[in-house]
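# Chain and residue survey
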Amino acid sequence: MMNWVFPTVFLCVYGFFSMMRPSEPFLTDFLTGPYKNLTTQQVTKQVIPTWAYSNLFLLIPVFLVTDVLRYKPLIVLQALTFILAFILLLFSSGVVLTQCALFAYSMGTAADTAYYSYIYSVVHPQYYQRVTSYARGAVLLGYACGSLLGQLLVSLGGISLYWLNVITLNSVCLALLAALLLPMPEKSLFLRESEMDYNPSENVTSSSRGSWVWVVRCLRRGRRVVATALRRLALDCKECYSSVTVLFFCVWSAMGKCGYYQITLYVQLLWESKQPPYNFTAYNGGVEAMYCFIVPGSVASIAVGHLALEWTLWGELVLGVFTALSAGVLYLMSMTSNIWVCYICYALFKTIYMELITICTFQIARGISRERYALVFGVNSFVGIVLQSLLTAIVVNTKTLELTICSQFFIYASYFSALAVLFLSRGVYTVFHNQLVEHVTPEGLPDRRTDLPQVSPLT
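Below, the structure is looked at part by part.

What counts as what
- Residues numbered from 1 in each chain as written.
- Predicted model: local features only at pLDDT ≥ 70, side-chain atom pairs only at ≥ 80, totals over all residues.
- Heavy atoms only, no water.
- Phe/Tyr/Trp six-rings, centres within 6.5 Å; stacked < 30°, edge-to-face > 60°.
- Buried < 20%, exposed > 50% of the residue type's maximum accessible area, 1.4 Å probe, protein only.
- Lys NZ or Arg CZ within 6 Å of the ring centre and 35° of its normal.
- Salt bridge = Lys/Arg side-chain N within 4 Å of Asp/Glu carboxyl O.
- Helix = DSSP H or I, 4+ residues; strand = E, 2+ residues; numbered from the N terminus.
- Patch = residues over 30% accessible without salt bridge, like charges linked within 9 Å, V, L, I, M, F, W, Y side chains within 5 Å.
- Areas by Shrake-Rupley, 256 points an atom, 1.4 Å probe, with all protein chains shown as cover.

## A short note on the packing of aromatic side chains
All chains considered together, the criterion is met by 21 aromatic pairs. Geometrically, the ring pair formed by Tyr260 and Tyr261 is tilted, given 6.1 Å between the ring centres and 50° between the ring planes. Taken individually, Tyr260 and Tyr261 each receive the classification buried, so the pair is uniform in this respect. Aromatic rings pair up to connect Trp51, Trp252, Tyr260, Tyr261, Phe349, Tyr353, Tyr415 and Phe416 into one cluster. Stacked on the ring of Phe82, the Lys or Arg Arg21 has its end atom at 4.5 Å from the ring centre. The ring of Phe248 carries Arg426 above its face, with NZ or CZ at 4.7 Å from the centroid.

Next up, the structure:
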């Protein structure tokens, strides 16, 4: 029991404080307000796309070294980059330095693979479903508490957005302390450490000389080790994605992450376009918290971890049905002129996404060996970021289109509609194929007779 409780508790504490960011729901207001004085066009075209493009290039080295460094250093690095990002947001000005802050922030989000993979390297597989739901529930709860705190401080306390960023900075500092207390996994699971271990008894006469000999040997082996690692990487990718069931959960994980990131990055601009022009108080923080406390999202995410269902049979159909529901609420968001309807639809969208991504995460973890977690989750995240970068380049940064924010969200809804059609088709096929197999090989057929007369052997 203690073998999985101790690391799970500290990881959840880290997830809670790293995501308790009261300033994040008001980021667009902070950037376009008197503190940064950026225009809406600069935020839309220059600042926000920085996150998507930089995350694309940072994700590759991060997921390649995640397992080699044994997860924990990447979690610590994530906390440090979050601290740097909010320091830059507080004490810098201008488009370039704001882009640097978003670049540092993207370094942190690129390390999400380490957060969700770490727990699988220190607990038994029988707890995967449960610890996945706890880790994701802690993130949701932290973000909801931060959003609610920010809304209360702005609406009731009259606190400025600058001090919300100060509170956020203190929260991620607490997350850094929790990350430092995480137990270190015993060994790297993807690359064999024996290839790079230092053996002091290998014909050396002094510790100083032995260290240099080890360095030289490592450099000589470098090319061979890299070639072996890349070859193993290719073989492992082929093996992991050879399972059709795991492949479809990975497809939803990557494509769903693409759409989710795009929605959350630009939703504040959509809200700004739908707000009444007179005497309106923004409730961005309240709606971010609403999907957790009122819907409620984090409780439902944890409940998914205890839900008994034959996911290999019904999982794809469940993904298809709820993805179609997500597409419906996004269509409503793009077409309504009522800010409150837009708020409610966004809360529903986030709740549905969090439950579906939790299902995908523990189903993928069940279908692959534990040394491949960082690899598979990293590849899924990379594919999602590639798709998001393409979506950003086409929908946001294409000068010939010049789409309004409402038209952009209509395209995002169509994206989820196409994803729903894919998984509904696959889910219906899986269920009917399984029923057909059971019908073709029914139970209860008469047994073959065994009382036939025996034939004497010829003599």
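## Concerning the pattern of salt bridges
Applying the stated rule across the entire model yields 2 salt bridges. For the salt bridge of Arg426 with Glu316, the shortest nitrogen-to-oxygen distance reads 3.2 Å. Note that Arg426 is positioned in helix H16 (residues 405-440) and Glu316 in helix H13 (residues 311-335), a separation of 110 residues in sequence. Taking relative accessible area as the criterion, Glu316 reaches 3% and is therefore assigned buried.

## Quick notes on a nonpolar patch on the surface
Side chains of Ile60, Leu64, Val65, Val68 and Leu69 sit close together on the surface and give an oily, nonpolar patch of about 350 Å² of accessible area. The residue Val68 is located in the loop between helix H3 (40-66) and helix H4 (72-91) in this model. By relative accessible area, Val68 is classed as partly exposed at 37%.

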